[in-house]
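# Chain and residue survey
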Amino acid sequence: MNFLRKLFGGTEETPEEEKKVQEARNFDVLKYDGVAALRQNAFDYAIKCFRCALDLQEDAETRDYLAQALIHTNEMREAFEQLEHLSETEPDNVRIQLRMADVAYMMEDYDAMTEVCERANTIDSENAMVNYSYARARIGKVDFVCAIALLSKAITLSKETPFWDAYLLRGQTLLKMNDVPLAEKDADYLLEHIADNEDILLLKARCREADGDHEGALEAYGKVVEADPFNVDAFKERAAVRQTLGDEQGAAEDLQIAEDLSRQTSVQSDEEGGETDVVRQTEEAYRSINPFG
């Protein structure tokens, strides 16, 4: 390069310029090696690459990738701090706030989640996901009344594309408040559109049992285990209903199945390195809410 500059009369690069060019190249190599490692689930190596890249150059996308990798290694607090750094550089990016809320939710830090959701609400109070996340934070703080209002707003804001998760969470929260008729109304509405979802069927079963309809609850729990034969809660709760109805053998069978499933789930979790469902859910959230595109 310097030889060509001399030949054609150009100015030679100074040592400082050469250093900057080399650092830029190193940054690109580290960043994209990190991305490749992240996609291959080599999370520890990805973290090292992203850290080194950020030492060379500040880059919002790289910091976001680092947060993703940290979540996969269950380093939630540091992932939150990385996202917080991003939010300082892009204070009006509501998607970053939503990601922070997801991580705070995984940490069960509902104070931090509430603070983040309040910031997001200031940025865009008419965003359905903001209201949904804020509702989850309020549920964590046992403020069910506020949560119901936020979930209802999220549902209203999403009329063109029904917000099924918000309906389900509202129904579950109403049931916690012992408002069985309204909880079951949400369950029935959801079942009209999504007939075989185990979470919705479980809400319906719990509503029937809370209403004292043991036979109806038994039927509903049966549909849950048909939809998801590995649903431990359904087997445990159906066992209690069968016990109430005097079916001792059926109750014992359900409890045994629940115990076996719990043991299998524990072994599988250990083999996967302790990755939880909530981490997988957040990975899906990262794919659907990209702050940089």
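Right, let's walk through the structure included here. It should be emphasised that the depicted structure is a prediction, and the values quoted were computed from it without experimental measurement.

## Comments concerning the side chain of Asp254
Here Asp254 lies in helix α15 (residues 248-271). When its relative accessible area of 1% is taken as the criterion, Asp254 is described as buried. Setting aside residues up to four positions removed in sequence, Asp254 forms contacts with Phe235, Arg238, Ala239 and Arg242.

## Quick notes on the environment of Ala79
By the element assignment, Ala79 lies in helix α5 (residues 76-89). Counting along the chain gives eleven residues from Ala79 to Gln68, while the straight-line C-alpha distance between them is 7.2 Å.

## Description of the packing of aromatic side chains
If you walk through the whole model with that rule in mind, you get six aromatic pairs. A centroid spacing of 5.7 Å and a plane angle of 15° characterise the contact between Phe50 and Tyr65, whose relative ring orientation is stacked. Residue Phe50 is located in helix α3 (residues 43-56), and its partner Tyr65 is located in helix α4 (residues 60-72); the two are separated by 15 residues in the primary sequence. The exposure classification of Phe50 matches that of Tyr65, with both residues buried. Judged by centre distance (4.8 Å) and plane angle (35°), the ring pair of Tyr167 and Tyr189 falls under tilted. In this pair, Tyr167 sits in helix α10 (residues 164-176) while Tyr189 sits in helix α11 (residues 180-193), placing the two residues 22 residues apart along the sequence.

## Brief notes about unusual backbone geometry
The residue Asn74 is not glycine, and still its phi comes out positive at about 65°. Structurally, Asn74 can be placed in the loop between α4 and α5. Its relative accessible area of 57% is what places Asn74 among the exposed residues. Look at Val142: it is not a glycine, yet its phi comes out positive at around 60°.

## Details of helix α6 (residues 94-107)
With 14 residues, α6 extends 20 Å between its outermost C-alpha atoms, agreeing within 8% with the 20 Å of an ideal straight helix rising 1.5 Å per residue. Among the 14 residues in α6, eleven count as buried, and that is most of the element. Within α6, burial applies to Val94, Ile96, Gln97, Leu98, Arg99, Met100, Ala101, Asp102, Val103, Ala104 and Met106. Between a side-chain oxygen at the N-terminus of α6 and the backbone nitrogen of Arg95 the separation is 3.1 Å; the capping residue is Asn93. Glu108 lies just past α6 and shows a positive phi near 60°.

Conventions we followed
Residues numbered from 1 in each chain as written. Predicted model: local features only at pLDDT ≥ 70, side-chain atom pairs only at ≥ 80, totals over all residues. Heavy atoms only, no water. Helix = DSSP H or I, 4+ residues; strand = E, 2+ residues; numbered from the N terminus. Buried < 20%, exposed > 50% of the residue type's maximum accessible area, 1.4 Å probe, protein only. Contact = heavy atoms within 4.5 Å. Phe/Tyr/Trp six-rings, centres within 6.5 Å; stacked < 30°, edge-to-face > 60°. Expected span 1.5 Å × (residues − 1). Polar contact = N/O pair within 3.5 Å; in protein donor to acceptor, adjacent residues only side chain to side chain.

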